[in-house]
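Chain by chain, the residues run as shown.
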Amino acid sequence: MPVAHLLTAFEMISILNNAILIIRQYPKSPLLIILLFLSILRLSAQDKTITDIGNVLLIALPASSLGSTIAIGDKQGTWQFTKGFILNQALTIGLKVAIDKPRPDLSNNSSFPSGHTSTTFQSAAFIQKRYGWEYGAVAYALAGFTGYTRLQGDKHDGWDVLAGAIIGVGSSYIFTTPYQKNHMKISFNSTNGNYLLGYSYKF
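**Student:** Explain the overall build of the chain to me, please; I cannot follow it from the model alone.
**Tutor:** Counting its regular elements, the chain contains 7 helices and 2 strands. Counting from the amino terminus, the chain carries its helices and strands in the arrangement α-α-α-α-α-α-α-β-β. Out of the 203 residues belonging to the chain, those deemed buried represent 38%. Sequence separation of 24 or more characterises 68% of the internal contacts of the chain that already satisfy a separation of 6 or more.

**Student:** Sorry if this is basic, but what is going on with the packing of aromatic side chains here?
**Tutor:** Ring pairs (aromatic) are described by centroid distance and by the angle formed between their planes. Enumeration according to the criterion identifies 7 aromatic pairs in this entry. Look at Phe81 and Phe126: their rings are 5.3 Å apart centre to centre, the planes differ by 70°, and that puts the pair in the edge-to-face class. Here the residue Phe81 occupies a position in helix H4 (residues 75-99), and Phe126 occupies one in helix H5 (residues 115-131), the gap between them amounting to 45 residues. Note on Phe81: relative accessible area 4%, which makes it buried. Accessibility expressed as a relative area gives 0% for Phe126, which makes it buried.

**Student:** Before we go on, may I ask you to explain the pattern of salt bridges in this structure?
**Tutor:** Side chains carrying opposite charge are able to pair once their charged atoms draw close together. Enumeration according to the criterion identifies 4 salt bridges in this entry. Among the ionic pairs, Asp105 bridges to Lys155, the shortest N-O distance being 2.9 Å. With Asp105 in the loop between H4 and H5 and Lys155 in the loop between helix H6 (133-152) and helix H7 (158-175), this pair connects stretches of sequence that are 50 residues apart. Using a relative accessible area of 24% as the deciding quantity, one classes Lys155 as partly exposed.

**Student:** In this structure, what is going on with the packing of helix H3 (residues 48-71) against H6? I would like to understand it.
**Tutor:** The description of two packed helices rests on the angle between their axes and on the distance between the axes. As a packed pair, H3 and H6 sit with axes 8 Å apart at the nearest point and diverge in direction by 135°. In terms of orientation, H3 lies oblique with respect to H6. Crossing of H3 over H6 shows left-handed handedness. Residues Ile50, Thr51, Ile53, Gly54, Asn55, Leu57 and Leu61 of H3 form the contact with H6, whose own contacting residues are Ala139, Leu142, Ala143, Phe145, Thr146, Tyr148, Thr149, Arg150 and Gln152. Considering only residue class, the contact of H3 with H6 consists of 9 nonpolar, 6 polar and 1 charged.

**Student:** Sorry, what's going on with the nonpolar core here?
**Tutor:** Soluble globular proteins tend to pack their nonpolar side chains together in the buried interior. Counting 12 residues, the largest nonpolar core consists of Leu61, Phe81, Phe121, Ala124, Ala125, Phe126, Ile127, Tyr131, Ala139, Tyr140, Ala143 and Ala165. In terms of residue count, H5 provides more of this core than any other element does, 6 residues in total. For Ala143, the residues in contact, after removing those within four places along its chain, are Leu61, Thr120, Phe121 and Ala124.

**Student:** How should H5 be read in this particular structure?
**Tutor:** For an α-helix the count is 3.6 residues per turn, leaving residues at separations of three or four pointing the same way. In a regular helix each residue adds 1.5 Å, so 17 residues correspond to 24 Å; H5 covers 24 Å between its end C-alpha atoms and thus fits that length. Positive backbone phi, approximately 105°, marks Gly132, located one or two places after H5.

**Student:** Can you walk me through the side chain of His116 in this structure?
**Tutor:** One can find His116 in helix H5. The exposure class assigned to His116 is buried, which follows from its relative accessible area of 13%. At a separation of 2.9 Å, a polar atom in the side chain of His116 contacts the side chain of Asn55. Separated by 3.5 Å, the side chains of His116 and Arg150 make a polar contact.

**Student:** What is the right way to look at the environment of Lys155 in this model?
**Tutor:** Sequence spacing of Lys155 and Ser114 is 41 residues, and the spatial spacing of their C-alpha atoms is 8.5 Å. Setting aside residues no more than four positions away along its own chain, Lys155 makes contact with Arg103, Pro104, Asp105, Ser107, Ser111 and Arg150.

Conventions and cut-offs
- Residues numbered from 1 in each chain as written.
- Predicted model: local features only at pLDDT ≥ 70, side-chain atom pairs only at ≥ 80, totals over all residues.
- Heavy atoms only, no water.
- Helix = DSSP H or I, 4+ residues; strand = E, 2+ residues; numbered from the N terminus.
- Buried < 20%, exposed > 50% of the residue type's maximum accessible area, 1.4 Å probe, protein only.
- Contact = heavy atoms within 4.5 Å.
- Phe/Tyr/Trp six-rings, centres within 6.5 Å; stacked < 30°, edge-to-face > 60°.
- Salt bridge = Lys/Arg side-chain N within 4 Å of Asp/Glu carboxyl O.
- Axes fitted to C-alpha atoms, helices over the stretch in contact; angles between N-to-C directions.
- Parallel < 35°, antiparallel > 145°, perpendicular 65-115°, else oblique.
- Left-handed = near helix turned anticlockwise from the far one by under 90°.
- Nonpolar A, V, L, I, M, F, W, Y, C, P; charged D, E, K, R; others polar.
- Core = buried A, V, L, I, M, F, W, Y, C linked by side-chain atoms within 4.5 Å.
- Expected span 1.5 Å × (residues − 1).
- Polar contact = N/O pair within 3.5 Å; in protein donor to acceptor, adjacent residues only side chain to side chain.

Listed below in structure tokens is the structure:
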């Protein structure tokens, strides 16, 4: 691999690692996700390898999201992810057909919105909302990088990628609820000599 390509790869890894560490320290700041995305856009190498990574992430992120729910026996999460995925694909494909926008490289008229971006952001949003920012930060970083690969590959412009990210996140947020690790809860209260023992179970 040429030296220039190696430097680009190391720069990319450095940006992602630093952003993930910051997001874990300040997990509730959406501004950091935007800053991460803009940092990734600074990478300017026209490298087919980067485009190929985006194509791999298109499959790897949804597969790992769905696989995680199956691995831990989270059947509700599996169903929530599936509904979000179906809605996302329906919206993305429907808009591509309806809008018929030419790609920047003029290869076809399926530019708006970015399907790679909507799919990976739908997966990242599911992981974040279902299991928390500890896992979601990494997923969002990978989804953001996927959006960058579509820009550098001249397949989409910024509006295509932004729309894909919004559609992806929205599709997941409609159906996804936080994962309840502890389904059983026991509470105890005492007031004026009266004692109350409570028990609840979340299905």
